[in-house]
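# Chain and residue survey
So you can see what is in the structure, the chains are spelled out below.
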Amino acid sequence: MKRSHGEGSIQKRGENSWRLRYYVGDVRHSLTFRGTRKEAADKLRGLLADAGKGVHVAPDKKTVSQWVDDWIALKTAERQHKTVARYEDLLKKHVLPRLGERPLQQIKPIEIQKLYAEMTALAPRTRHHVATVLKACLQAAVDIGKLLQVSPAAAIKKPSAGDSDIGQALEQEKITALVEGFRGSTLFDFTFLMAFTGMRRGEALALRWSNFNPTAKTLRIERALEYTKKHGLQFKEPKSERGKRTIVLDDTLVALLLGMRARYQRLVAGAPDGIEVDLSLVRIPDDWLVFPSPDGQPNVARHPDSVTKQFTNRAAKILGFSIRLHDLRVSHGTWLLDQGTPVHVVAKRLGHDPSVLLKVYAKRTQKGDESAAEKIGLLTRGLNIGPT
């Protein structure tokens, strides 16, 4: 006789191995369970109860590795390619070697806990990122894939990220020496602009001359350049609306950009150096980049990794110690905060969330506490501190 919704059976398969069969609606499901006869009966009752509540998750043999592939494909459609590539790299390096072949529906919270405990050799921030990505991946198996009823990572505390590794802030004298050290190189203009605007590498490399307004003294950030192995070089929208912003320039930066633009205007006009040309009549094509590839056309992007390698090698020789290209951005934001620039103004210039700026930049300021003490001193000066 055909069984119906809410009915099931248990069949012995071997030593402590059972086949559970049951119906949800008109669909029959089969599941192999390992344990005692009583545990198998309890499992069957739980499955039937879930079916009655409408929260049943059908048995599936998909492994963690297979679900990661599905999830990465889903994320690629909604996230920046470089971000998704980072997710994939973290999971494949640190999760899949341990859990990849395990059936997704058999993963237990204790396995997630052990995974975190075994990652002690990683930097705290990397461990935190791995846990964050894995938690999102498993939660998607609940919300989107309908493969899990509850994520095994949901109740597990993520490893602490420790101190945020946002970078190091250089003193202004070091910044000046660094920029001067690049004079005469193909990265001088790029380094100058990065140091005194706080732009991200990808934002600077995506700048087009149409983003520069010398009359208003502004640069408009509208896109960024990124590189991934899978997709190559691509221009992309900023991660958030904060990323789209207008940076106000001082006269020196305006003069720098005007001088750079003049070289391109001469190229358009076909006029060599030394020949008088009314450059105000020369229009640069809208797709020409401010920092194109040195060996390519003016609308061919410069490879970000090449720029970083060239910068770090030369910067180390100039300063005598290693810094990252991103440290120019950190130094710019920190210096502005040291000068008393309001947090919301600095955050807007950098395209940051003000709360993030307070959390990771403000603690790097070197003059903040001394400045606060001086200002409090103005208030307390002349007050009587004798016995009351």
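Above this note sits the structure.
This section reports on the structure supplied with the text. (Residues numbered from 1 in each chain as written. Predicted model: local features only at pLDDT ≥ 70, side-chain atom pairs only at ≥ 80, totals over all residues. Heavy atoms only, no water.)

## Considerations on the overall build of the chain
In terms of regular secondary structure, the chain is built from 15 helices and eight strands. Across the 388 residues that make up the chain, the buried fraction comes to 40%. If you take every contact in the chain between residues at least 6 apart in sequence, the share linking residues at least 24 apart comes to 58%. Accessible area for the chain stands at about 21,900 Å²; split by element, carbon and sulfur atoms hold 52% of it. (Helix = DSSP H or I, 4+ residues; strand = E, 2+ residues; numbered from the N terminus. Buried < 20%, exposed > 50% of the residue type's maximum accessible area, 1.4 Å probe, protein only. Contact = heavy atoms within 4.5 Å. Areas by Shrake-Rupley, 256 points an atom, 1.4 Å probe, with all protein chains shown as cover.)

## A short note on the pattern of salt bridges
In total, this model carries 20 salt bridges according to the counting rule given. With a shortest N-O distance of 3.3 Å, Arg-223 and Glu-222 are connected by a salt bridge. For Glu-222, a relative accessible area of 31% puts it in the partly exposed group. One salt-bridge network, held together by shared partners, links Lys-38, Asp-42 and Arg-45. (Salt bridge = Lys/Arg side-chain N within 4 Å of Asp/Glu carboxyl O.)

## Quick word on the sheet that holds strand E1 (residues 8-14)
Reading across the sheet, the three strands line up as E1-E2-E3 and stay open at both edges, with antiparallel pairing between neighbours. Of all strands in the sheet, those with a lone pairing partner are E1 and strand E3 (27-34), marking the two edges. Direction aside, neighbouring strands of the sheet carry axes that sit 20° apart on average. (Pairing = 2+ DSSP bridges. Axes fitted to C-alpha atoms, helices over the stretch in contact; angles between N-to-C directions.)

## Details of the nonpolar core
Across soluble globular proteins, nonpolar side chains have a tendency to be buried as a group. If you look at the biggest cluster of nonpolar residues, it comprises 43 residues, and the most contacted ones within it are Phe-190, Met-199, Trp-209, Leu-257 and Phe-311. Elements supplying a minimum of two residues to this core: helix H7 (172-181), helix H8 (188-197), helix H9 (201-205), strand E5 (218-221), helix H10 (251-269) and helix H11 (304-319). With near-sequence residues (within four places) excluded, Leu-257 lies in contact with Leu-193, Trp-209, Phe-212, Leu-219, Leu-249 and Val-290. Counting residues in each nonpolar core, the second largest holds 31 residues, with Val-64, Leu-104, Leu-134 and Ala-141 among its members. (Core = buried A, V, L, I, M, F, W, Y, C linked by side-chain atoms within 4.5 Å.)

## Thoughts on the side chain of Asp-189
By secondary structure assignment, the location of Asp-189 is in helix H8. Taking relative accessible area as the criterion, Asp-189 reaches 17% and is therefore assigned buried. Polar contacts involving the side chain of Asp-189 include one to the side chain of Arg-263, which spans 2.9 Å. Leave out the neighbours within four places in its chain, and Asp-189 touches Leu-256, Met-260, Arg-263 and Phe-291. (Polar contact = N/O pair within 3.5 Å; in protein donor to acceptor, adjacent residues only side chain to side chain.)

## Focus: the sheet that holds strand E8 (residues 245-248)
The strand order E4-E5-E8 describes an open sheet built from three strands, whose pairing is antiparallel. Of all strands in the sheet, those bounded by a partner on one side alone are strand E4 (212-213) and E8. In this sheet, E5 lies alongside E4 in antiparallel orientation, the contact comprising two bridges. The residue bridging Asn-213 from the neighbouring strand is Thr-218, located in E5.

## Points about the environment of Cys-137
Locating Cys-137 in the fold gives a position in helix H6 (residues 124-143). Classification of Cys-137 as buried rests on a relative accessible area of 1%. Among residues more than four places away in sequence, those in contact with Cys-137 are Trp-67, Val-68 and Trp-71.

## Some remarks on the packing of helix H5 (residues 109-117) against H6
Contact pair H5 / H6: the axes reach a minimum separation of 11 Å and the direction vectors enclose 160°. If you check the angle between H5 and H6, you find them roughly antiparallel. The handedness of the crossing between H5 and H6 is right-handed. For the pair H5 and H6, the contacting residues are Ile-112, Leu-115 and Tyr-116 in the first and Arg-127, Ala-131, Leu-134 and Leu-138 in the second. Class assignment for the residues of the contact of H5 with H6 results in six nonpolar, no polar and one charged. (Parallel < 35°, antiparallel > 145°, perpendicular 65-115°, else oblique. Left-handed = near helix turned anticlockwise from the far one by under 90°. Nonpolar A, V, L, I, M, F, W, Y, C, P; charged D, E, K, R; others polar.)

## Thoughts on the side chain of Glu-111
Here Glu-111 shows up in helix H5. A distance of 2.8 Å separates a polar atom in the side chain of Glu-111 from the backbone nitrogen of Lys-108. Excluding residues that lie within four positions of it along the chain, Glu-111 makes contacts with Leu-99, Arg-102 and Gln-106.

## Some thoughts on the packing of helix H12 (residues 326-338) against helix H13 (residues 343-350)
The geometry of H12 relative to H13 is characterised by a closest axis approach of 9 Å and an angle of 160° between their N-to-C directions. Of the possible angle classes, the one that applies to H12 and H13 is roughly antiparallel. Taken as a pair, H12 and H13 cross one another with a handedness that is right-handed. Along its contact with H12, which presents Arg-329, His-332, Gly-333, Leu-336 and Leu-337, the element H13 presents Val-343, Val-346, Arg-349 and Leu-350. Across the contact of H12 with H13, the residue classes break down as five nonpolar, two polar and two charged.

Taken by themselves, the reported measurements are silent on function.
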